[in-house]
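Structural characterization, general
Single-letter residue listing:
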Amino acid sequence: KNEVEQSPQNLTAQEGEFITINCSYSVGISALHWLQQHPGGGIVSLFMLSSGKKKHGRLIATINIQEKHSSLHITASHPRDSAVYICAVSPNTGNQFYFGTGTSLTVIP
Amino acid sequence: EAQVTQNPRYLITVTGKKLTVTCSQNMNHEYMSWYRQDPGLGLRQIYYSMNVEVTDKGDVPEGYKVSRKEKRNFPLILESPSPNQTSLYFCASSPFAGGTQYFGPGTRLTVL
């Protein structure tokens, strides 16, 4: 069972490009989370969303609750953005987290 | 500094030898959780705890135990490790279930 699906699995971009990573989920949620994992393993939470849109620097996250879909956008991508981006959801029933398998992003100078 | 700490960071052990991975947070968070991360499968939840003495199974609890005797600590116990438990393990905490999670640095476990 895959409650959370991400696309694409892998993404290579030139520095400066606009990047979009997509996340679809199949359960009702209380919140959706975007995480970043750099090579070497550490995981950092980027956004927590329950509606609308959030922006932090060059990162923008949007969510459409009706369509059960979220996107993470990176504007003016930079090689330091190279990482795995993971989508996770908190279902509105129960207290677990469900994760997508991640999108591996490589930004080439 | 607000943080989640895990120990050890790396561990190589043999089948059947009991081990404990410690997790501690200094943010007074209610919710703590353990995950394992495997190539192609992503992060999967092992156990979580809503508060002291309140724990529940995640998606992959078999072969693991946890306890939450104090709010700050949430150790993961492998009573009889097997090679299929070789993985990268993360502990995380959040102020409440569903809230922003703060992850520990990870523990890379190899069971021979």
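I will try to describe carefully the structure that is included in this document.

Parameters and conventions
- Residues numbered from 1 in each chain as written.
- Chains lettered and ligands numbered in written order.
- Predicted model: local features only at pLDDT ≥ 70, side-chain atom pairs only at ≥ 80, totals over all residues.
- Heavy atoms only, no water.
- Helix = DSSP H or I, 4+ residues; strand = E, 2+ residues; numbered from the N terminus.
- Rg over C-alpha atoms; globule rule 2.2 N^0.38 Å.
- Buried < 20%, exposed > 50% of the residue type's maximum accessible area, 1.4 Å probe, protein only.
- Contact = heavy atoms within 4.5 Å.
- Areas by Shrake-Rupley, 256 points an atom, 1.4 Å probe, with all protein chains shown as cover.
- Lys, Arg positive; Asp, Glu negative; His and termini not counted.
- Charge placed at Lys NZ, Arg CZ, Asp CG, Glu CD.
- Buried area = accessible area lost by both parts, 1.4 Å probe.
- Salt bridge = Lys/Arg side-chain N within 4 Å of Asp/Glu carboxyl O.
- Polar contact = N/O pair within 3.5 Å; in protein donor to acceptor, adjacent residues only side chain to side chain.
- Pairing = 2+ DSSP bridges.
- Axes fitted to C-alpha atoms, helices over the stretch in contact; angles between N-to-C directions.
- Core = buried A, V, L, I, M, F, W, Y, C linked by side-chain atoms within 4.5 Å.

1. Brief notes about the overall build of chain A
Broken down by element type, chain A carries zero helices and eleven strands. Tracing chain A from N to C terminus, the helices and strands come up as β-β-β-β-β-β-β-β-β-β-β. Its C-alpha atoms give chain A a radius of gyration of 13 Å, within 12% of the compact-globule value 13 Å for 109 residues. Projected onto the principal axes, the alpha-carbon positions of chain A cover approximately 45 × 25 × 20 Å. Counting over 109 residues, chain A shows a buried share of 45%. Counting contacts in chain A only where the partners sit at least 6 residues apart, residues at least 24 apart contribute 54% of the total. By element, 49% of the accessible surface of chain A is carried by carbon and sulfur atoms, the whole surface being about 5100 Å². Averaging the locations of the 7 positively and 6 negatively charged side chains of chain A gives two centres separated by 9 Å.

2. Describing the interface of chain B and chain A
With 22 residues of chain B at the interface, the matching set in chain A holds 17 residues. Taking both sides of the interface into account, the surface hidden between chain B and chain A amounts to around 1600 Å²; carbon and sulfur atoms contribute 57%. The largest share of the area that chain B buries against chain A comes from B:L43, B:G98 and B:F103, three residues that together contribute 30% of it. Counting across the interface, chain B meets chain A through zero salt bridges. At the surface where chain B touches chain A, the tally comes to five residue pairs in polar contact (both at pLDDT 80 or more).

3. So, the pattern of salt bridges
All names here are of chain B. Within the structure shown, the criterion is met by five salt bridges over all chains. In this structure, K71 and E30 form a salt bridge, with 2.9 Å as the shortest nitrogen-oxygen distance. Here K71, found in the loop between β7 (65-66) and β8 (76-78), pairs with E30, found in the loop between β3 (19-25) and β4 (31-38); they are 41 residues apart in sequence, far enough to count as distant. K71 sits in the partly exposed class, given a relative accessible area of 23%. Judged by its relative accessible area of 26%, E30 is partly exposed. Residue D38 pairs with R44 through a salt bridge whose shortest N-O separation is 2.8 Å. With relative accessibility at 11%, the residue D38 sits in the buried group. Residue class for R44 comes out partly exposed when judged on its relative accessible area of 23%.

4. Things to note about the environment of A:S30
Residue and element names in this part refer to chain A. Its location among the elements puts S30 in strand β4 (residues 29-37). Each C-alpha atom, one on S30 and one on Q14, is 35 Å from the other, the two residues being 16 residues apart in sequence. Look past the residues within four positions of S30 in its chain and what remains in contact with it is S50, S90, P91 and N92.

5. Considerations on the environment of A:S104
Residues and elements named next belong to chain A. Inspection of the secondary structure puts S104 in strand β11 (residues 103-108). On the basis of relative accessibility, which here comes to 27%, the residue S104 falls in the partly exposed class. Expressed as a C-alpha distance, the spacing of S104 and F47, which sit 57 residues apart in the sequence, is 18 Å. If sequence neighbours within four positions are ignored, S104 has contacts with Q9, N10, L11, A83 and V84.

6. Some remarks on the sheet that holds strand β6 (residues 52-56) of chain A
Strands in a sheet are paired, the pairing made by backbone hydrogen bonds, and the direction either parallel or antiparallel. Residue and element names in this part refer to chain A. The strand order across the open sheet formed by five strands is β1-β3-β8-β7-β6, and the pairing between neighbours is antiparallel. The open sheet is flanked by β1 (4-7) and β6, the only strands paired with a single partner. For this sheet, the mean angle separating the axes of adjacent strands, direction not counted, is 15 degrees. Pairing between strand β7 (residues 59-64) and strand β8 (residues 69-74): six bridges, direction antiparallel. Bridging from a neighbouring strand, N64 pairs with H69 of β8.

7. Quick look at the nonpolar core
Judged by nonpolar contacts, the single largest core of 23 residues is most densely connected at A:L32 and A:W34. Of all hydrophobic cores here, the second largest spans 19 residues; its members include B:V4, B:V60, B:L109 and B:V111.

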